[in-house]
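Residue strings, one per chain:
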Amino acid sequence: MASPVILKPVALSDDKYAPLIVVLRAKAPANIKIKQNNHEREYTLRPQDDPELRALEDVLKALQASDVLDAVVKAATEHFRRAQVIHLSAGGTQ
């Protein structure tokens, strides 16, 4: 999966817009590959004891988020207070 988060402004009538934020849920990868021009590098994701990962967990706790993608949804909901959040499952709406 290229990116689990899609951000897009949606044009409405009368020069208005609405934010569209799509968070796709998938199993976390064990490693990632980044390609740029003719160069390619593969990275293994950090182990659980990484200090930066522990700092991230502190931020997630402060946001009361279960993971990074949940934090995106919570931050968007807070920022766009008048927006509607619709959770979809693989089989349709929940």
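All of the points below concern the structure found in this document. All residue numbers refer to positions counted from 1 along the written sequence of the respective chain. Given that this is a predicted model, residues contribute local features only at a pLDDT of at least 70 and side-chain atom pairs are listed and counted only at 80 or more, while totals for whole chains, interfaces and linings are drawn from all residues. Excluding hydrogens and water, the side-chain values take into account all heavy atoms of the structure.

## Here's the deal with the overall build of the protein
- Regarding its fold elements, the protein presents 2 helices and 6 strands.
- Counting from the N terminus, the helices are DSSP H or I runs at least four residues long and the strands are E runs at least two residues long. Starting at the N terminus, the α and β elements of the protein follow one another as β-β-β-β-α-α-β-β.
- Shrake-Rupley sampling with a 1.4 Å probe provides the accessible areas, and residues are treated as covered by the protein chains on show and by no other component. Total accessible area on the protein stands at roughly 8600 Å², and carbon and sulfur atoms take up 53% of it.

## Remarks on the pattern of salt bridges
- Salt bridges are counted wherever a side-chain nitrogen of Lys or Arg sits within 4 Å of a carboxyl oxygen of Asp or Glu. A complete count under the given rule lists 1 salt bridge for this structure.
- We note a salt bridge from Lys35 to Glu40, for which the minimum N-O separation is 3.9 Å.
- The rule is simple: take the accessible area with a 1.4 Å probe, protein chains only, and divide by the maximum for that residue type; under 20% is buried, over 50% is exposed, in between is partly exposed. With a relative accessible area of 46%, Glu40 lands in the partly exposed category.

## Brief notes about the pairing of strand β4 (residues 39-44)
- Little of β4 is tucked away, with 0 of its 6 residues classed as buried.
- At least two DSSP bridges between two strands are required for those strands to pair. Bridge analysis of strand β3 (residues 31-36) against β4 gives 6 bridges, and the strand direction is antiparallel. Residue pairing for β4: Gln36 is matched across the bridge by His39.
- The antiparallel hairpin formed by β3 and β4 contains 2 residues in its connecting segment, where Asn37 sits at a positive phi of about 55°.

## Some thoughts on helix α2 (residues 68-79)
- Compared with an ideal rise of 1.5 Å per residue, which puts 12 residues at 16 Å, α2 spans 16 Å between its outermost C-alpha atoms and is within 8% of the ideal.
- Those residues of α2 not exposed but buried are Leu69, Asp70, Ala71, Val73 and Ala76.
- Between N or O atoms, a polar contact is any pair within 3.5 Å; within protein, one atom must be a potential hydrogen donor and the other a potential acceptor, and residues adjacent in sequence are included only when both atoms are from side chains. Measuring from the side-chain oxygen of the N-cap residue of α2 to the backbone nitrogen of Leu69 gives 3.1 Å; that N-cap residue is Asp67. Here a helix's expected span is defined as the number of its residues, less one, multiplied by 1.5 Å.

## Overview of the packing of helix α1 (residues 51-63) against α2
- To define axes, lines are fitted to C-alpha atoms, for helices over the stretch in contact only, and angles between the resulting N-to-C directions are given on a 0 to 180 degree scale. In the contact formed by α1 and α2, the axes pass within 10 Å of each other and the chain directions differ by 40°. Between α1 and α2, the angle falls in the class oblique. The hand of the α1/α2 crossing is left-handed. For the pair α1 and α2, the contacting residues are Leu56, Leu60 and Leu63 in the first and Val68, Ala71 and Lys74 in the second.
- Charged means Asp, Glu, Lys or Arg here, nonpolar means Ala, Val, Leu, Ile, Met, Phe, Trp, Tyr, Cys or Pro, and polar covers whatever is left, Gly included. Considered class by class, the residues forming the contact of α1 with α2 number 5 nonpolar, no polar and 1 charged. Each angle is binned into one of four classes, with values under 35 degrees roughly parallel, values over 145 roughly antiparallel, values of 65 to 115 roughly perpendicular, and all other values oblique. In a left-handed crossing the near helix is turned counterclockwise from the far helix by less than a right angle, and in a right-handed crossing that turn is clockwise. By definition, residues are in contact when any of their heavy atoms lie within 4.5 Å.

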